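Spelled out, the chains give:
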Amino acid sequence: DMLSIDAINAMNAEKPLFTAGPARLVYGNVAALRPCFGRGDQAFLDSYANVLGMISDIAGQSKTVAMQGSGTSAIEVMIANFLYGNVLVVDSGYYAQRLHSIASIRARRDQFIQNIDVVDWQSMDDVSGRYDWVLAVYTETAEATLVSITALANLTQRVGAKLALDSTASIGLETGHGVADVTAFSSCKGLFGLTGAGFISYSCEVPNEVEDMISALSTYANKKTTGPYHAILSLEPVLRQHSDHREAVVTNKRVFCERFAEHLMYPPDQQPLLCTALNVTLRSTDPRAVLYAPRQTKAASITCHIGEVHLGRAATGAIVDILDVG
């Protein structure tokens, strides 16, 4: 009974979520779970290959490696294994500044990175010089802003660099990830899976030889540790119907922006699909609702739009009805 679609939808109805991820439970998330192991279990290995193949297609990359952990875990491994020389960080807010911090620590530790410069995301056109890597966040959740992927591609080409992308809040939702050379993200936002898996998708060589096992990409590529087995299984049926679930986010975003049009902080071309920033606070008429509290933001409130993904194309944005100006 607990695995029926009606039962899962009833659980979802008990807790309206306006947070950045994980999304509501999709029936397939739960129904796909089964006993499994990462070696010698051919049924699981088939699912594993299917999921990583679908993720590579979504990311526009040729290879994907999975690991236990969050998007931040994957970002740590990405920076350690790929970045070197002169690095330019595009500062779009809290999560971009976290990239800078991680890169600075790795530079002191491994010395692959020799120099790090920072540019504001709205001043990318002013950058000159030569760099080996550009490091950026596509969707900055803390500010609910979208950094132009076209501008990032143009910047990267102009300075002769490769592009490393934090796609934690953009993967599966925004387009154009294929312009990156390597990108890192998690299972539980725009991929609509359960929490617990980090991914690195890439199309370039892995240049750095990292000594510590937990930071080496080869550890995960060669399955030297326990992988995110059940998070992988939770993704298989959902990714097969990913466009249907994504449509629920599109609907929710549209309905929300129409309702709070006079309070939007940013123009449409700077808004990500995942979330929206308002210049007013919001409250919910349902005490069970969980509103999003960013770690750091200039916005009065930020609302995320993955709270109806379990409904797929049947979503109407009705969840927005319980929100009002605080």
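Just above sits the structure.
Scope of this entry: the structure provided in the associated data block. These numbers come from a predicted model, not from an experiment. (Residues numbered from 1 in each chain as written. Predicted model: local features only at pLDDT ≥ 70, side-chain atom pairs only at ≥ 80, totals over all residues. Heavy atoms only, no water.)

1. Side note on the overall build of the protein chain
Along its length, the protein chain carries nine helices and 13 strands. Against the 2.2 N^0.38 benchmark of 20 Å for 326 residues, the protein chain shows a C-alpha radius of gyration of 20 Å, consistent with a compact globule. Seen along its three principal axes, the alpha-carbon backbone of the protein chain occupies a region of about 55 × 50 × 25 Å. In the protein chain, of all internal contacts separated by at least 6 residues, the share reaching a separation of at least 24 is 74%. For the protein chain, the accessible surface area stands at approximately 13800 Å², while carbon and sulfur atoms represent 49% of it. Each charge class in the protein chain was averaged separately, 25 positive and 33 negative side chains, and the resulting centres sit 3 Å apart. (Helix = DSSP H or I, 4+ residues; strand = E, 2+ residues; numbered from the N terminus. Rg over C-alpha atoms; globule rule 2.2 N^0.38 Å. Contact = heavy atoms within 4.5 Å. Areas by Shrake-Rupley, 256 points an atom, 1.4 Å probe, with all protein chains shown as cover. Lys, Arg positive; Asp, Glu negative; His and termini not counted. Charge placed at Lys NZ, Arg CZ, Asp CG, Glu CD.)

2. Digging into the environment of G71
Topologically, G71 is positioned in helix α4 (residues 71–82). Residues in contact with G71, not counting those within four places in the same chain, are T168, F185 and S186.

3. Remarks on the pairing of strand β12 (residues 301–304)
Side-chain alternation along β12 places S301 and T303 on one buried face and I302 and C304 on a second face that is also buried. Here strand β10 (residues 275–278) pairs with β12 via four bridges, running antiparallel. From the neighbouring strand, C275 faces β12, where its bridge partner is C304. (Buried < 20%, exposed > 50% of the residue type's maximum accessible area, 1.4 Å probe, protein only. Pairing = 2+ DSSP bridges.)

4. As for helix α8 (residues 229–240)
Spanning 12 residues, α8 covers 18 Å between terminal C-alpha atoms, matching the ideal 16 Å at 1.5 Å per step. By the criterion of burial, α8 is predominantly enclosed, with nine of the 12 residues buried. Along α8, the residues classified as buried are Y229, A231, I232, L233, S234, L235, E236, V238 and L239. For α8, the elements touching its buried residues are α2 (27–31), α3 (42–59), β1 (63–68), β9 (197–202) and α9 (242–259). (Expected span 1.5 Å × (residues − 1).)

5. Considering the sheet that holds strand β8 (residues 182–186)
The strand order across the open sheet formed by seven strands is β1-β9-β8-β7-β4-β2-β3, and the pairing between neighbours is mixed. The two strands at the open ends of the sheet, each matched to only one other strand, are β1 and β3 (113–120). Averaged over all pairs of adjacent strands, the angle between strand axes in this sheet comes to 20°, irrespective of strand direction. Where β8 lies against β9, five bridges are found, and the strand directions are antiparallel. Paired with A184 across the bridge in β9 is I200. Against the sheet, α3 engages β1, β8 and β9, with an angle of about 120° to β1. (Axes fitted to C-alpha atoms, helices over the stretch in contact; angles between N-to-C directions.)

6. Examining the packing of aromatic side chains
Given two aromatic rings, one states the distance between the centres and the angle between the planes to describe the pair. Evaluation of the coordinates by the stated rule reveals eight aromatic pairs. Ring centres 5.0 Å apart and planes at 80° place the aromatic pair Y94 and Y95 in the edge-to-face group. Classification of Y94 by relative accessible area gives partly exposed; the value is 22%. Through a chain of ring-to-ring contacts, the aromatic side chains of F37, F44, Y48 and Y229 assemble into a single cluster. (Phe/Tyr/Trp six-rings, centres within 6.5 Å; stacked < 30°, edge-to-face > 60°.)

7. Quick look at the packing of α4 against helix α5 (residues 94–110)
Two packed helices can be described by the angle between their axes and the distance between those axes. Close contact between α4 and α5 brings their axes to 10 Å; oriented N to C, the two are set at 45°. The orientation of α4 relative to α5 falls into the category oblique. Regarding α4 and α5, the two cross each other, and that crossing is right-handed. Taken together, the residues of α5 that come into contact with α4 (itself represented by T72, I75, E76, I79 and A80) are R98, L99, I102, A103 and R106. Here the residues of the contact of α4 with α5 sort into six nonpolar, one polar and three charged. (Parallel < 35°, antiparallel > 145°, perpendicular 65-115°, else oblique. Left-handed = near helix turned anticlockwise from the far one by under 90°. Nonpolar A, V, L, I, M, F, W, Y, C, P; charged D, E, K, R; others polar.)

8. Focus on the side chain of D286
As for its position among the elements, D286 is in the loop between β11 (282–284) and β12. If we ignore the near neighbours within four places in the chain, the residues touching D286 are P16 and I322.

9. Structural notes on unusual backbone geometry
A cis amide bond, omega 10°, links G21 with the succeeding residue P22. Relative to the helices and strands, P22 is located in the loop between α1 (5–13) and α2. Even without a glycine there, the phi angle at F192 is positive, about 70°. Following the sequence through the fold, F192 ends up in the loop between β8 and β9. Residue K223 is not a glycine yet carries a positive backbone phi of 55°.

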